[in-house]
Structures are given as structure tokens and as C-alpha cells.
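Chain residues, written in single-letter form:
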Amino acid sequence: MRSNETDRSRRALLKGIVAATAALGPASGTAAVPMQGAGTGEIFRPRTLALIGDRAHNSDAIRVSLDRLFNELELPIEYTTNYYDLSAELLRPYRLFVCFRDNYVFPNGNLSPSGTARGSRQNPLGADLFPNAQYWITEEQGQAVKEFVESGNSLYSMHNNVFLSRSSKNYREVQGGVALSHPALRPFKVKIVNREHPVTKGVSDFMVTDEQHYAIYDKDPRNILLNSENIDGLVFDATLRDPVEGGPGASGPPRNLGTTSTSGWAHEFGRGRVVFTAIGHTIHAMWQPEHLKLQKNAVRWLLKIES
Ligand SMILES: [Zn+2]
């Protein structure tokens, strides 16, 4: 774990955080880092923990990407790759949990190419590339995240983290949706479908070359913020099914999911908040200017910081 402390002035941001902390009140059930303000008494900086990295998503690249996001927000972020450490105790000091990894682990090794996805007919080898895959998350860990958010904290689920709900009912309940996989990298257009939400404020539709993830959203469809559309007319033939049809690996014959996918949402959960954004296989996609703007809005909204 590490922190990305900067020397830049945090005055403007801290002003917002003081307001947010006051609004949350003493019953928020969260801890924060105390800092001394200039004659204004004690102020607080909310802490974020990010669980990052998996077979196809290099943890160093994710850290470079998220460091820029949190540096520009002048907020601290700490990292771990130790999925097995996820617990209520681990999350206790934090206000925001960022999860940027999927549900797979390969304790017996993995020989498949890193750019291929399970559940896609476009898979170039045409076979199940995950014969050695195991699933790491326990329902106890899913429950810990659920209770973390219910008690007034927040979850930012990024990119392929939507796969994690394939392996935990508790995690799916708080995240609010589940992955149906994705085709290989290709250009597509991300469309804002709810312009009234603070997370999409000032963000324009944008083009990106990335993995177009297809997901099911379980809650009120009015919470959906983003759709992704392949404007070249390319569809996605998925073989993965909703895990309620047979567990984390539930699959069947290829099924055409069309050109447009649900790729971002935001909802309240208990006293906390959840955002999912599907874009982000590469740093290029993470730093697309409109996407970066959206991520900043998301972090502020999740941390209940007035912008
Ligand atoms: Zn990816």
C-alpha cells in the first residue's frame, strides 16, 4: 500500500470536504484522516482504498491511471492487490472502496493469452481459456462490502469489476449488476443517458477504443447513466449467461446482444453510494478527457464532496 501525497494546496477541496463531513454527521460510521486547518479547527480528508489488478489488468497501469485521477482531485488513495485480505476490518478506516479487478484467480497457473475474454464467441481460440480459473471472493467478503456501503460509505466499481458479481450474491446486491463479458478492443461511442445526475454533469458523449462491456443492471433503470454503442454496427455474441442460470461460469450457445450495452450506473445503497463505469481496459481509455471528467464527478459524488 502507498499514498500519493502531493504538495499542492488543498484549500478549495478541503473546504468542500469539511462541508461533506459535517453533512455526514457523527453517525456515518466512518473514519477519516485528521488534518489541521488554518484557524478553522480540525478538518478531515476521506481515505480511499483501491483493490486492483488481475490476469488481464496490470496493477501498475491501474495505479498510474488512478494516481492521476486522485492527484488532480487532491485526494489520497491507497492500493492493495491482496484480494484475500478484503474484509470489514480492512475497509474500516476508509470512506471509499474502489474495486478494479475481476472474479478470477489462477493459483495453478494460467497459459491463456491475456487479451482474451471468457464468454465471447469472438474468442480467437474458440475454446474455454479458463480451465484453471478459480473464484476468489467469499460471501463473507461480499457482505463486508455491502455493510461498508450500507453504513454510509461508498463503492466505485470500475471496468471488469462487474465480473465480480458473477461470484457473490452479496456483492451483486450492492454493485447492482453483473457482467455478460465483452468483445475485443474496438471503437465505440459512450452516450450519457441521464444528464441530470451529478456524476454526468458537464460530461459530453465521447468515442473510445476499449472493451465494450455488456452488463445487466438489476435496479431501477433510471439509475443508468451510460450506454455504449458500436456505431459501426458491430454486435456482440455472448456465451456467458446471468449466473442465476448456473453459477459464475453459466454459459450457453452464442447470443446476439446487439450493438448497445449498459455501461454505467449510480445508485444509493442504504446510507452509502455506488457508481459503476465499464470503460477502462487501457490508460488511454481511462484518460479520455470526458471519461476522466466523469470519474472526477463520480469520486466527488461518492465521497459526498460538493463540487
Ligand atoms: Zn479489461
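A brief report on the enclosed structure follows. (Residues numbered from 1 in each chain as written. Predicted model: local features only at pLDDT ≥ 70, side-chain atom pairs only at ≥ 80, totals over all residues.)

**Observations concerning the sheet that holds strand β13 (residues 224-229)**
The strands making up a sheet associate through hydrogen bonds between their backbones, and the pairing can be parallel or antiparallel.
Phase 1: Read across the open sheet, the 9 strands follow the order β4-β3-β5-β8-β17-β16-β13-β10-β11; overall the sheet is mixed. If you trace the sheet from one side to the other, it starts and ends with β4 (78-80) and β11 (206-210), each paired once. With direction set aside, neighbouring strand axes in the sheet form an average angle of 20°.
Phase 2: Bridge count for β13 against strand β16 (residues 260-269) is 5 bridges, and the pairing is antiparallel. (Pairing = 2+ DSSP bridges. Helix = DSSP H or I, 4+ residues; strand = E, 2+ residues; numbered from the N terminus. Axes fitted to C-alpha atoms, helices over the stretch in contact; angles between N-to-C directions.)

**Here we look at the pairing of strand β14 (residues 237-240)**
Phase 1: Residues of β14 alternate between two faces, with A238 and L240 buried on one and D237 and T239 left unburied on the opposite face.
Phase 2: Note: β14 against strand β15 (residues 251-256), 3 bridges, orientation antiparallel. Residue pairing for β15: D237 is matched across the bridge by N256. (Buried ≥ 20, exposed ≤ 12 C-beta atoms within 10 Å, placed from the backbone.)

**Brief notes about unusual backbone geometry**
Phase 1: One non-glycine residue, H159, adopts positive backbone phi at about 55°.
Phase 2: The topology assignment puts H159 in the loop between β8 (154-158) and α5 (169-175).
Phase 3: At S181, a residue that is not glycine, the phi angle is positive and equals roughly 80°.
Phase 4: With respect to the helices and strands, the residue S181 is situated in the loop between β9 (177-179) and β10 (186-192).

**Digging into helix α2 (residues 59-73)**
Phase 1: The terminal C-alpha atoms of α2, which comprises 15 residues, lie 21 Å apart, in line with the 21 Å expected from a rise of 1.5 Å per residue.
Phase 2: Within α2, the full set of buried residues consists of I62, S65, L66 and F70. Across the axial projection of α2, the buried residues extend over an arc of 125°, all falling on one side.
Phase 3: Against the buried residues of α2 lie β3 (48-52), β5 (96-100) and α6 (283-286).
Phase 4: Just beyond α2, the residue with positive phi is E74, at close to 55°. (Expected span 1.5 Å × (residues − 1). Arc of directions from axis to C-beta. Contact = placed C-beta atoms within 7 Å.)

**Comments concerning the packing of α2 against helix α7 (residues 289-302)**
Phase 1: For the pair α2 and α7, interaxial distance at closest approach is 10 Å and the crossing angle is 60°. Judged on the interaxial angle alone, α7 and α2 are oblique. The two elements α2 and α7 meet at a crossing, and its hand is right-handed. Along the contact surface, α2 presents L69, E72 and L73, while α7 presents L292, Q295, K296 and V299.
Phase 2: Within the contact of α2 with α7, the residues separate by chemical class into 4 nonpolar, 1 polar and 2 charged. (Parallel < 35°, antiparallel > 145°, perpendicular 65-115°, else oblique. Left-handed = near helix turned anticlockwise from the far one by under 90°. Nonpolar A, V, L, I, M, F, W, Y, C, P; charged D, E, K, R; others polar.)

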